[in-house]
Amino acid sequence: MATFMVRKRWFSGSSIDWWECVKPAAKDPIFAITEAFLADDCPSKINLGVGTYRDEKGRPVILECVRRAEAKIGGVQTMEYLPIGGDPKLVQETIKLAYGENSDAVKENRVAGIQALSGTGSCRLFAEFQRRFRPESPMYLPIPTWSNHHNIWRDAHVTQRTFHYYHYQSKGLDFPKLMEDVKNAPDSSFFLLHACAHNPTGVDPSEEQWKEISHLFKVKKHFPFFDVAYQGFASGDPEKDARGIRIFLEDGHKIACAHSFSKIMGLYGLRVGCLSIVCKDAEQTAAVKSQLQQIARSIYSNPPVHGALLVYTILTDPELRSLWLEELKVMVSRINEMRNLLRKNIENFGSLHNWEHITNQIGMFCYTGLSPEQVDRLVNEFHVYMTRSGRISMAGITPASVDYLAKAIHVVTKHDS
């Protein structure tokens, strides 16, 4: 008994608080908006923070092509592990969707690709790949960009730098400064480019500007990494939205793409994506793919099977693919309608500001130009939730809420010179 008491006192007195050093992490700025929105009991509240599609009544949407694909695969799939690189059939279809079925890289099997956990997972895999094999090269991120890009390359310990992209006065592309930054960057730098529907600004280069950017990249020997989260969601046409990628391919660049099906098929919770890297020949392709698989193995081992089978089924079944393309057009049309209505209603309230950028920008988001102070007023006075950068998800606006939103924006901006 005495020995027991001695041991008990020894353990009690020498207990170590292993996690005393851990402090609460800062909340994610986007998901924190939803938390605040859900805690608000105002009946007229609006959530314009998270980029998920909603129908005209503000309800989440499961696309009909997804429902039919679910019915088609029901009972036929197994729950076995996928290979480390995921479903090779899904990967191949994703590559063809982005690069074009007739591109030389696809026909010559020079694209190393693996299934990944949507866009975030694809970016994270590439960031780790870059750190391992090109640690001397920084990653240039546009100003602004999706906030999680900074987290991803920071946690991969890759040096980050930035380049001009958005012109805050014109609310369009700052093309001269973009080109200047590309020119002044050290040769063989890495640049992250949004393939279409730039998040958060909704501002994309024109086709001619893409060609100029590609040419300068060639001169500077830069590596283009495309974040492809909205292919089809910008214009309603996946082929048109891939034009920037195709221009770089036609110019002979070796590029990489992080693909996501979250937005374009509404598969947010299934985390379906793909990372692909164009290589010089079959031998290099095999080597790159093997290294990507090794990275994935230590992080999550294998990607999930269900979403991959859904996407593959939709992309390869002619009827379902046709339906998907039609549903893409419906989603884009609804968002464009909300852009037109929001601008029209703000102007009808007598605003003296120029709101052309609302209808000039494309994709899910609008970079409103609202200041952080104006956003705070929208939250506190009108229960309208958005990021303090002024980015709003156009999919969160409905015909029933657009007038209320327009009036709120007018009120907080009417005395701003």
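All values derive from a computational prediction rather than experimental measurement.

1. A few points about the overall build of the chain
Tallying secondary structure elements over the chain gives 18 helices and 13 strands in all. The C-alpha atoms of the chain give a radius of gyration of 24 Å, which matches the 22 Å a tight globule of 417 residues would have. With the C-alpha coordinates of the chain rotated into their principal frame, the extents come out at 75 × 75 × 55 Å. Going through the 417 residues of the chain one by one, you find that 52% of them count as buried. In the chain, the proportion of contacts linking residues at least 24 apart, taken out of those at least 6 apart, comes to 75%. For the chain, the computed accessible surface area is about 20,100 Å², with 53% contributed by carbon and sulfur atoms. Counting 49 positive and 47 negative side-chain charges, the chain places the centres of these two groups 4 Å from one another.

2. Some remarks on helix 11 (residues 243-250)
Within helix 11, six of the eight residues are buried, leaving the element largely enclosed by the surrounding structure. Here helix 11 has its buried residues at Gly-244, Ile-245, Arg-246, Ile-247, Phe-248 and Leu-249.

3. Considerations on the pairing of strand 3 (residues 139-143)
In the case of a regular strand, side chains alternate between the two sheet surfaces. The element strand 3 is largely enclosed, with a buried count of four among its five residues. Bridge analysis of strand 3 against strand 4 (residues 160-164) gives five bridges, and the strand direction is parallel. Within the sheet, the bridge partner assigned to Tyr-140 lies in strand 4 and is Arg-161. In this fold, the crossover linking strand 3 to strand 4 by way of helix 7 (residues 147-155) has right-handed handedness. Bridge analysis of strand 3 against strand 7 (residues 190-194) gives two bridges, and the strand direction is parallel. The partner of Tyr-140 across the bridge, within strand 7, is Phe-191.

4. A closer look at the sheet that holds strand 8 (residues 223-228)
Taken together, seven strands build an open sheet; the order of strands is 2-10-9-8-7-3-4 and the sheet is mixed. Whereas interior strands pair on both sides, the edge strands pair on one side only; in this sheet they are strand 2 (111-117) and strand 4. When the angles between neighbouring strand axes are averaged without regard to direction, this sheet yields 25°.

Calculation rules
Residues numbered from 1 in each chain as written. Predicted model: local features only at pLDDT ≥ 70, side-chain atom pairs only at ≥ 80, totals over all residues. Heavy atoms only, no water. Helix = DSSP H or I, 4+ residues; strand = E, 2+ residues; numbered from the N terminus. Rg over C-alpha atoms; globule rule 2.2 N^0.38 Å. Buried < 20%, exposed > 50% of the residue type's maximum accessible area, 1.4 Å probe, protein only. Contact = heavy atoms within 4.5 Å. Areas by Shrake-Rupley, 256 points an atom, 1.4 Å probe, with all protein chains shown as cover. Lys, Arg positive; Asp, Glu negative; His and termini not counted. Charge placed at Lys NZ, Arg CZ, Asp CG, Glu CD. Pairing = 2+ DSSP bridges. Right-handed = clockwise from strand over helix to strand, strands pointing away. Axes fitted to C-alpha atoms, helices over the stretch in contact; angles between N-to-C directions.

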